[in-house]
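Geometric and topological summary
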Amino acid sequence: MRFDAIWFRYARRAGWTLRAVTAAVEPGQTVVVLGPNGAGKSTLLQVAAGVLRPTRGAVRDRPPVVGWVPERFPAAQPFTTLGYLRAMSALRRLPETAADHWIDRLGLTGHLHTPLGDLSKGTAQKVGLAQALLTPPGLLVLDEPWEGLDAASRVLVPQIVAEVTEAGGAVLVSDHRGEIAGLPGAVHWTVRTGEVHPEQQDGPVAADDVIVEVAVRRHEAAEAVVRLRASGHRVLGVRENAAPEEAR
Ligand SMILES: Nc1ncnc2c1ncn2[C@@H]1O[C@H](COP(=O)(O)OP(=O)(O)OP(=O)(O)O)[C@@H](O)[C@H]1O
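Summary of the structure given here. Throughout this description, residue numbers start from 1 for each chain and increase along the sequence as written. Predicted model: local features are reported for residues with pLDDT of at least 70 only, side-chain atom pairs are reported and counted for 80 or more only, and whole-chain, interface and lining totals are derived from all residues.

A closer look at the overall build of the protein
Tallying secondary structure elements over the protein gives 8 helices and 9 strands in all. Evaluated residue by residue, the protein yields a buried proportion of 31% over its 248 residues. Sequence-distant contacts, at least 24 apart, represent 70% of the contacts inside the protein between residues at least 6 apart. Helix numbers and strand numbers start at the N terminus; a helix is a DSSP run of H or I with at least 4 residues, a strand a run of E with at least 2. The exposure scheme places C-beta atoms from the backbone and then counts, for each residue, the other C-beta atoms within 10 Å of its own, assigning buried at 20 or more, exposed at 12 or fewer, and partly exposed in between. Each residue gets a C-beta atom placed from its backbone, and two residues are in contact if those atoms lie within 7 Å.

The following block contains the structure:
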């Protein structure tokens, strides 16, 4: 799937929220979308999912089955969990039992007869995930999927992402806490004031760049890398302290 010179603004006289976005997502690829608050991450994901139409430019070769999980599941709908998942299955001409696997896996069994509006944020998020996965998606778009999820459920997200990509689907996921940034093979895009900057893993350091060396505690290294990337910095490498004895 390709973003072909996409510009997006929410209103005719508003400023541009996305500017000249040109990027590609390959089948089987995970793209982690990072960037500061208000940069345009959610907007980019909604354009990718087809929820928002670009003002200029086009999304090309979007797979026919798209799974979309918004940051906030729209719970103000007159359904119970089971009623909603059955209605979503019927809409997609799937058997009534299509959601059973996800009901079981996401631990929704105890909430089947609860109205959507009465669910906790995390449980509503799981219902959102279940509906996005009813048919194996060629593109799965997840906007901050961990928000509200308990620790036991959080580990399911990278598992599900890996299963989708192993089946040949592409995944776009925004992740301000950096929970998925360590997923093997994931590429990182940083959104800054509406522009998308794919991370250049091996690109040369520009003449006017400055290299800042930072020491962090070993157990904090992964999180520090994620935070630096999320702030739009390039991380050139991580190395052990060469002289630990002298440092003491
Ligand atoms: N429905 C909307 N109508 C008008 N402006 C909007 C709308 N949604 C978002 N915006 C604006 O577009 C800009 C980008 O918002 P967006 O939600 O895409 O950023 P984000 O990077 O996902 O931020 P966050 O991490 O805080 O969720 C912001 O200035 C935001 O106020």
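Picking up where we left off.
Notes on the sheet that holds strand 2 (residues 18–24)
Two strands qualify as a pair provided DSSP detects at least 2 bridges between them. With respect to topology, 3 strands assemble into an open sheet ordered 2-1-4, the strand pairing being antiparallel. The two strands at the open ends of the sheet, each matched to only one other strand, are strand 2 and strand 4 (56–60). On average, each strand axis in the sheet is tilted by 20° relative to the strand beside it, whichever way the strands run. Sheet topology note: the strand 1 (residues 2–8)/strand 4 ladder contains 4 bridges and is antiparallel. Residue pairing across strands places Arg2 opposite Arg60, the latter belonging to strand 4. For helices, the axis comes from a line fit to the C-alpha atoms of the stretch in contact; other axes are also lines fit to C-alpha atoms, and the angle between any two N-to-C directions lies between 0 and 180 degrees.

Here we look at the site of the ligand
All residues are tested the same way: a C-beta atom is placed from the backbone, and lying within 6 Å of a molecule or strand makes the residue near it. Neighbouring the ligand are Tyr10, Thr17, Gly35, Asn37, Gly38, Ala39, Gly40, Lys41, Ser42, Thr43, His176 and Val191. For the shell around the ligand, the leading source of residues is helix 1 (residues 41–49), giving 3 residues. Charged means Asp, Glu, Lys or Arg here, nonpolar means Ala, Val, Leu, Ile, Met, Phe, Trp, Tyr, Cys or Pro, and polar covers whatever is left, Gly included. Of the residues contributing to the shell around the ligand, the split by class is 3 nonpolar, 8 polar and 1 charged.

Description of the packing of helix 2 (residues 81–91) against helix 4 (residues 121–132)
Between helix 2 and helix 4, whose axes approach to 10 Å, the crossing angle comes to 20°. Between helix 2 and helix 4, the crossing angle belongs to the class labelled roughly parallel. In this structure, helix 2 meets helix 4 at a crossing whose hand is right-handed. Taken together, the residues of helix 4 that come into contact with helix 2 (itself represented by Thr81, Tyr84, Leu85 and Met88) are Val127, Ala130 and Gln131. A class-by-class count of the residues in the contact of helix 2 with helix 4 yields 5 nonpolar, 2 polar and no charged. Each angle is binned into one of four classes, with values under 35 degrees roughly parallel, values over 145 roughly antiparallel, values of 65 to 115 roughly perpendicular, and all other values oblique. Left-handed describes a crossing whose near helix is turned anticlockwise from the far helix through less than a right angle; right-handed describes the clockwise counterpart.

As for the sheet that holds strand 9 (residues 195–198)
Strands sit in the order 5-6-7-3-8-9 across an open sheet of 6 strands; the sheet is mixed. The outermost strands of the open sheet, each flanked by one partner alone, are strand 5 (66–69) and strand 9. With strand direction ignored, the average angle separating the axes of adjacent strands in the sheet is 15°. Pairing analysis gives 4 bridges linking strand 3 (residues 30–34) to strand 7 (residues 170–174), with the strands arranged parallel. In the strand pairing of strand 7, Thr30 is matched with Val171. Contacting strand 3, strand 6 (139–143) and strand 7, helix 6 (residues 156–166) crosses the sheet at an angle of about 150° to strand 7.

Read these as spatial facts, not as claims about activity.
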